[in-house]
Amino acid sequence: MKIRKGKKEDLPEILNLIKELADYENALDEVQITLEQLQEDGFGIRPWYWFIVVEKNNMIIGMSFYHIRYSTWKGKFLFLEDFVIKKEYRREGVGSALFQATINITVEEELNGMTWQVLDWNVSAINFYKKYAADISGDWLNGKLSKNQLKKLYCKIN
């Protein structure tokens, strides 16, 4: 097993892992990102995200996909957008090794913490994160406006 920084060439497999996670969350039809968008957004002039992968026998079997968010109360945080281990490699310590590598990035980059979201019905993920003494809060509700919603609401301000 090898953990390394993600490369542009990894993106087709990263997109497959994104879709695998979305399928597990019963939301595969909501994946709209394209390989081209991933390439531009992660490897263009200004990267918007980074990722690390875990490989076994030169095959990507998991990823930790993150970006930096800013809290007006606490400063810079690593936001763990997606954390996926292929189903057939779960419960083998792969997730723990990859999560530890993500923690290490957070510390090495001198960030003020790491945050993520987990669905309330995903008990196995919640239990995984609790092994790290993570705070899992049910206090906050997520808000979101889609691109189409934003277009409908857009108006120029003089």
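Quantities reported herein were computed from a predicted structural model and do not represent experimental measurements. (Residues numbered from 1 in each chain as written. Predicted model: local features only at pLDDT ≥ 70, side-chain atom pairs only at ≥ 80, totals over all residues. Heavy atoms only, no water.)

Caption draft 1: Highlighting the layout of surface pockets. Here the second largest pocket defines a volume of roughly 330 Å³. What lines the second largest pocket is a set of 15 residues, among which K5, W50, Y66, I105 and E109 lie closest to the centre. Broken down by secondary-structure element, the contributors of at least two residues to the lining of the second largest pocket are α2 (35–43), β2 (50–56), β3 (59–71) and α3 (94–108). When residues in the lining of the second largest pocket are grouped by element, the largest group, 3 residues, is from β2. Grouping the constituent residues of the lining of the second largest pocket by class yields 10 nonpolar, 2 polar and 3 charged. (1 Å grid on protein atoms, 1.4 Å probe; cavity = no way out; pocket = protein on both sides within 12 Å on 5 of 7 lines; lining within 4 Å. Points joined across faces, edges and corners; volume = space filled by probe spheres on them. Helix = DSSP H or I, 4+ residues; strand = E, 2+ residues; numbered from the N terminus. Nonpolar A, V, L, I, M, F, W, Y, C, P; charged D, E, K, R; others polar.)

Caption draft 2: The packing of aromatic side chains, seen in detail. According to the stated counting rule, one finds 15 aromatic pairs in the structure shown. Summarising the aromatic geometry, the rings of F51 and F65 are spaced 6.2 Å apart at their centres and angled 5 degrees between planes, so their arrangement reads as stacked. With F51 in strand β2 and F65 in strand β3, the pair connects residues that are 14 residues apart, well separated along the chain. Assigned by exposure class, F51 and F65 land together as buried. For the pair F99 and Y132, a centre-to-centre distance of 4.6 Å together with 55 degrees between the ring planes defines the contact as tilted. Linking F99 in helix α3 with Y132 in the loop between α4 (123–130) and α5 (147–153), this pair joins segments that are 33 residues apart in sequence. In textbook terms, an aromatic cluster arises when at least three aromatic residues are bridged by ring pairs, as seen for F83, F99, W116, F128, Y129 and Y132. (Phe/Tyr/Trp six-rings, centres within 6.5 Å; stacked < 30°, edge-to-face > 60°. Buried < 20%, exposed > 50% of the residue type's maximum accessible area, 1.4 Å probe, protein only.)

All we've got here are geometric facts, nothing functional implied.
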